[in-house]
Amino acid sequence: MSEEDHGILQFGQGFLYLVIWPGGEVQTYQKYISKAAVLIEALPYIQQFRGALVVVKFGGSAMEDATCAESALRDIVLMECVGMKPVVVHGGGKAISARLKELNIETRFVNGQRYTCKESIKVVDDVLHNQVNCQLVRSIAKFGGQAVGLSGKDGSLFTAKRIKSKENKDLGFVGDID
């Protein structure tokens, strides 16, 4: 049998693999070859960061666009698969704002910074911990990764000190991590 009978055709200096199904349907593997080339190009970085703890800030528009979010989460799962230890630190500002609006809790800003009152901080905690964090853990698991959801308050993982605005105005429950 010739190479054509097996569905492998040679073009130029490389190979373009074509699987020819009965009835003339053709499926190309060129896209897989291109993806392999990207991984080969990334190999030095994969090797350099294998075993490394990598902090990924995931927030803003990346979280709001479903296609972008899915792509980012798949990349995070890939990082785990190649031996990196990704830690995702996420935002959730739009989800917080939507919940505050739903509960008729006014959102205040002091010179462009969000003021967080006692009512608001409860909503922030609920949305970030019970909504956004849980959804991210489920999505990572759906893509084959392993994830555990943690809150900064779990086991006093993070503590913070309240801060004021640059103009020395109170921002409520806003602070810097110790």
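Small disclaimer: the values here were computed from a predicted structure and weren't measured. (Residues numbered from 1 in each chain as written. Predicted model: local features only at pLDDT ≥ 70, side-chain atom pairs only at ≥ 80, totals over all residues. Heavy atoms only, no water.)

**So, a nonpolar patch on the surface**
How we decide: Residues enter a patch when their relative accessible area is above 30% and they make no salt bridge; the linking distance is 9 Å between like charges and 5 Å between nonpolar side chains (Val, Leu, Ile, Met, Phe, Trp, Tyr). Computed with a 1.4 Å probe, the accessible areas rest on the Shrake-Rupley method; for each residue, only the protein chains presented here act as cover. A pair is scored as a salt bridge if a Lys or Arg side-chain nitrogen falls within 4 Å of a carboxyl oxygen belonging to Asp or Glu. Each helix is a run of DSSP H or I of at least 4 residues and each strand a run of E of at least 2, with the numbering of both proceeding from the N terminus.
On the surface, a nonpolar cluster with roughly 550 Å² of combined accessible area is contributed by Val148, Leu150, Leu157, Phe158 and Ile177. Residue position: Ile177 is located in strand E9 (residues 170-177).

**What to know about unusual backbone geometry**
Just so we agree on the cut-off: Accessible area is worked out with a 1.4 Å probe on protein chains only. A residue is then buried under 20% of its type maximum, exposed over 50%, and partly exposed in between.
A positive phi angle, close to 50 degrees, is found at Asn111, a residue other than glycine. Tracing the backbone through its elements, the reader meets Asn111 in the loop between strand E6 (108-110) and strand E7 (113-115). For Asn111, a relative accessible area of 47% translates into the label partly exposed.

**Overview of the pairing of E9**
Along a regular strand, successive side chains alternate from one face of the sheet to the other. Worth spelling out the cut-off: We treat two strands as partners when DSSP finds at least two bridges between them.
Bridge count between strand E8 (residues 160-164) and E9: four bridges; the pairing is antiparallel. Residue pairing in the sheet places Lys164 in a bridge with Asp170 of E9. Between the end of E8 and the start of E9, which pair antiparallel, lie five residues, with Asn168 showing a positive phi angle near 65 degrees.

**Details of helix H4 (residues 66-81)**
One turn of the α-helix equals 3.6 residues, which is why residues spaced by three or four share an orientation. Stated precisely, the cut-off is as follows: Here the expected span of a helix is defined as 1.5 Å times the quantity of residues minus one. The contact rule is simple, with two residues in contact once any of their heavy atoms fall within 4.5 Å. For this analysis, a polar contact is any N or O atom pair within 3.5 Å, provided that within protein one partner can donate a hydrogen and the other can accept it, and provided that sequence-adjacent residues contribute only side-chain to side-chain pairs.
Helix length check: H4 (16 residues) gives 22 Å between terminal C-alpha atoms against 22 Å at 1.5 Å per residue, within 8%. For H4, the secondary structure elements touched by its buried residues are strand E4 (53-58), helix H3 (61-64), strand E5 (85-90) and helix H6 (118-142). Structurally, the start of H4 carries an N-cap: the backbone nitrogen of Thr67 is 2.9 Å from a side-chain oxygen of Asp65.

**Concerning the pattern of salt bridges**
All told, the structure shown has five salt bridges when counted by the stated rule. The shortest N-O distance in the salt bridge between Asp126 and Arg99 comes to 2.7 Å. Note that Asp126 is positioned in helix H6 and Arg99 in helix H5 (residues 93-102), a separation of 27 residues in sequence. For Lys153, the salt bridge is made with Asp125, and the minimal N-O distance between the two is 2.8 Å. On the criterion of sequence distance, the pair formed by Lys153 in the loop between H6 and E8 and Asp125 in helix H6 is long-range, its members being 28 residues apart. You can call Lys153 exposed: its relative accessible area is 52%. Each of the salt bridges in this network shares a partner with another, and the network as a whole consists of Arg99, Glu102 and Asp126.

**Let's talk about the packing of aromatic side chains**
To be explicit about the condition: In this analysis, rings of Phe, Tyr and Trp, with Trp reduced to its six-membered ring, are considered paired at centre separations within 6.5 Å, and the interplanar angle assigns stacked below 30 degrees, edge-to-face beyond 60, and tilted for intermediate values. Two conditions define a charge located above a ring, namely a distance within 6 Å from the ring centre to NZ of Lys or CZ of Arg, and an angle within 35 degrees of the ring normal.
Throughout the structure, instances matching the rule amount to zero aromatic pairs. One cation-aromatic arrangement involves Arg108 over Tyr115; the distance from NZ or CZ to the ring centre is 4.1 Å. The ring of Phe173 has Arg162 lying over it, and the distance from NZ or CZ to the ring centre is 4.7 Å.

**Some points on the nonpolar core**
Our working rule: Throughout this description, the term nonpolar core refers to a set of buried Ala, Val, Leu, Ile, Met, Phe, Trp, Tyr and Cys residues connected via side-chain atoms within 4.5 Å.
With 21 residues, the main nonpolar core has Phe58 and Leu73 as its most contacted residues. Sorting elements by how many residues they give to this core places H6 first, with six residues. Filtering out sequence-adjacent residues up to four positions away, Phe58 remains in contact with Met63, Ala69, Ala72, Leu73, Val88, Val89, His90, Gly91 and Leu136.

**Structural notes on the packing of H5 against H6**
When two helices pack together, you describe them by how their axes are tilted relative to each other and by the distance separating the axes. Note the threshold: Axis angles are defined between N-to-C directions and span 0 to 180 degrees, where every axis is a line fitted to C-alpha atoms and, for a helix, only to the segment in contact. Roughly parallel means an angle under 35 degrees; roughly antiparallel means over 145; roughly perpendicular covers 65 to 115; every other angle is labelled oblique. Left-handed is the label given to a crossing in which the near helix is rotated counterclockwise from the far helix by less than a right angle, and right-handed is the label when the rotation is clockwise.
Two numbers describe how H5 lies on H6: the axes approach to 9 Å, and their chain directions differ by 125 degrees. Comparing the axis directions of H5 and H6 gives the class oblique. Of the two possible hands of crossing, H5 and H6 adopt the one that is right-handed. For the pair H5 and H6, the contacting residues are Ala95, Ile96, Arg99 and Leu100 in the first and Ser120, Val123, Val124, Asp126, Val127, Leu128, Gln131 and Val132 in the second.

**A word on the confidence of the model for the protein chain**
In plain terms, the rule: Each residue carries a pLDDT score, the predictor's own confidence in it, on a scale running from 0 to 100.
Residue-level pLDDT values for the protein chain average 84, and 84% of them are 70 or greater. Segment residues 1-13 is flagged for pLDDT under 50; beyond a separation of four residues in sequence, or across chains, it makes 16 contacts in the model.

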